[in-house]
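Observations on the three-dimensional arrangement
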Amino acid sequence: MPPKKKMIHEFMKMKQDGQKIAWLTAYDFPTAQFAEAAGLDMLLVGDSLGMCVYGYPGTIPVTMDQCIYHAEAVRRGAPNTFVIGDMPFMSYQSSIEKAVENAGRFLKEAGCDAIKLEGGKRILPQVRAILDAGIVVVGHIGLTPQSSGQLGGHKAQGRTVESAKLLIDDALALEEAGAQMLLLEAVPPEVGQFIAKKLRIPVLSIGAGMHCDGQLLIVSDLIGQFQAFTPKFVKKYANVAEVVTQAMRAYCEDVRAGRFPEEGHCYYMLPGEDEKFKELIKRYA
Ligand code: KIV
């Protein structure tokens, strides 16, 4: 029996029951299949695909079309998992109409269950309009990579009382506007704990400590595939880069030494055809 897809009310129930939510990014079909088989509760088709898949220096160049292509593949790979599409830079900031249209694309074209967007009070009009269109919204505050220029780089947030207060006010405003989940990125655990306790909706953490209602990691970090840098909040569970590079190195060596392919890798002539083939090639002598 395939697993039953958990929906938003089940995540609310998990919070109430003190059951932690396991969330991971995915960008392609095979990874989504692995994630569903592993029992992840939710998947995020994050704009981190810009760095993890396309090799961009950040998330800014990522387009809506790229997000949709990857979300479609993830949906096909994980048909029974709650999939959230991440709204890329400039897909929602410039107008409310654009925000609703692009949020709708994740559902219509890619079959996503929800969308995520970065920002607190300053994007409340967009959040309200997307909710009015009947779309589940996940907020994202703290270190918000799309506005890292304003934050002075990829820096942890909420480490002073003044900045923690801004986060708490943003979190309350998002819940009040109707957001159904909230992601906190790179904030102190005591701030994560306070916000998770204060809000009724599930509060997820990526680098916001152990007291939140669940955790998110970037799959490329978790499996040890992303090489450029490793944030403090990452736990690596595998070293895929090493395994894959070693496999490729061994392949090069086998090809160069004539050890690959072997007999078992070959397609032989059909029965009775080999003698006729020998006759055929004599004519080319
Ligand atoms: O794009 C993404 O994967 C994200 C996480 C960094 C939170 O938004």
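The following paragraphs examine the structure supplied in this document. Owing to the predicted nature of the structure, the values given are computational and were not obtained by experimental measurement. (Residues numbered from 1 in each chain as written. Predicted model: local features only at pLDDT ≥ 70, side-chain atom pairs only at ≥ 80, totals over all residues. Heavy atoms only, no water.)

Topic: the sheet that holds strand β8 (residues 214-217)
Overall, parallel pairing links the eight strands, which are arranged β1-β2-β3-β4-β5-β6-β7-β8 in a closed barrel. Each neighbouring strand pair of the sheet contributes to a mean axis angle of 25 degrees, computed without reference to strand direction. Strand contacts of helix α4 (residues 64-77): β2 (42-45) and β3 (82-86), with the helix running at about 155 degrees to β2, the strand carrying the most contacts. (Pairing = 2+ DSSP bridges. Helix = DSSP H or I, 4+ residues; strand = E, 2+ residues; numbered from the N terminus. Axes fitted to C-alpha atoms, helices over the stretch in contact; angles between N-to-C directions. Contact = heavy atoms within 4.5 Å.)

Observations concerning the site of the ligand
Taken together, T25, L44, G46, D47, S48, D86, K116, H140, L183, E185, L216 and I218 make up the full set of residues adjacent to the ligand. S48 is positioned with one of its side-chain polar atoms (N or O) 2.5 Å from an oxygen atom of the ligand. In isolation the ligand offers 260 Å² of accessible surface; the protein chains occlude 96% of this area. A molecule is said to occupy a pocket when more than half its atoms come within 2 Å of that pocket's grid points, and by this definition the ligand occupies the largest pocket. In terms of residue class, the shell around the ligand is built from four nonpolar, four polar and four charged. (Near = heavy atom within 4 Å. Polar contact = N/O pair within 3.5 Å; in protein donor to acceptor, adjacent residues only side chain to side chain. Areas by Shrake-Rupley, 256 points an atom, 1.4 Å probe, with all protein chains shown as cover. 1 Å grid on protein atoms, 1.4 Å probe; cavity = no way out; pocket = protein on both sides within 12 Å on 5 of 7 lines; lining within 4 Å. Sits in = over half its atoms within 2 Å of the grid points. Nonpolar A, V, L, I, M, F, W, Y, C, P; charged D, E, K, R; others polar.)

Here we look at the environment of Y268
Assignment of secondary structure puts Y268 in the loop between α10 (240-257) and α11 (273-282). Along the backbone, Y268 and L204 are 64 residues apart, and their C-alpha atoms lie at a distance of 56 Å.

Focus on unusual backbone geometry
The amide bond that connects F260 to the next residue, P261, takes the cis arrangement and shows omega of 0 degrees. Located in the positive-phi region is M90, a residue other than glycine, with phi close to 70 degrees. Tracing the chain through its elements places M90 in the loop between β3 and α5 (96-108). Residue classification places M90 among the partly exposed residues on the basis of a relative accessible area of 39%. (Buried < 20%, exposed > 50% of the residue type's maximum accessible area, 1.4 Å probe, protein only.)

What about the layout of surface pockets?
In this structure, the largest pocket occupies an estimated 880 Å³ of space. Taken together, the elements giving at least two residues each to the lining of the largest pocket come down to β1 (21-25), α3 (49-52), β4 (114-118), β6 (181-185), β7 (203-206), β8 and α9 (219-222). Class assignment for the residues of the lining of the largest pocket results in 27 nonpolar, ten polar and ten charged. Considering only enclosed or pocket space, the second largest pocket measures out at about 480 Å³ in volume. Elements represented by at least two residues in the lining of the second largest pocket include exactly β5 (136-142) and α7 (161-177). The dominant element in the lining of the second largest pocket, judged by the number of residues it contributes, is α7, at four residues. Here the residues of the lining of the second largest pocket are counted per class, giving seven nonpolar, eleven polar and four charged. (Points joined across faces, edges and corners; volume = space filled by probe spheres on them.)

Description of the pattern of salt bridges
Per the stated rule, a full pass over the model turns up 15 salt bridges. One salt bridge connects K4 with E10, and the closest N-O pair in it is separated by 3.3 Å. What makes E10 partly exposed here is its relative accessible area of 22%. A salt bridge links K6 to D41; its shortest N-O distance comes to 2.6 Å. Of this pair, K6 sits in the segment before α1 (8-17) while D41 sits in the loop between α2 (29-38) and β2, and the two are 35 residues apart along the sequence. Salt bridges sharing partners connect three or more residues here, namely K5, R75 and D113. (Salt bridge = Lys/Arg side-chain N within 4 Å of Asp/Glu carboxyl O.)

Thoughts on α7
For α7, with 17 residues, the first-to-last C-alpha span of 24 Å sits near the 24 Å given by 1.5 Å per residue. Among the residues making up α7, those that are buried are A164, L167, D170, A171, A173, L174, E175 and A177. Contact partners of the buried residues in α7: α6 (124-132), β5, β6 and α8 (189-198). (Expected span 1.5 Å × (residues − 1).)

Some details on α4
Counted at 1.5 Å a residue, the expected span for α4 with its 14 residues is 20 Å, and the 20 Å between its end C-alpha atoms agrees. Burial analysis of α4 places ten of its 14 residues in the buried class, which makes it a mostly covered element. When α4 is considered as a whole, its buried residues turn out to be M64, Q66, C67, I68, H70, A71, A73, V74, R75 and G77. Residues of α4 that are buried in the fold lie against α2, β2, α3, β3 and α5.

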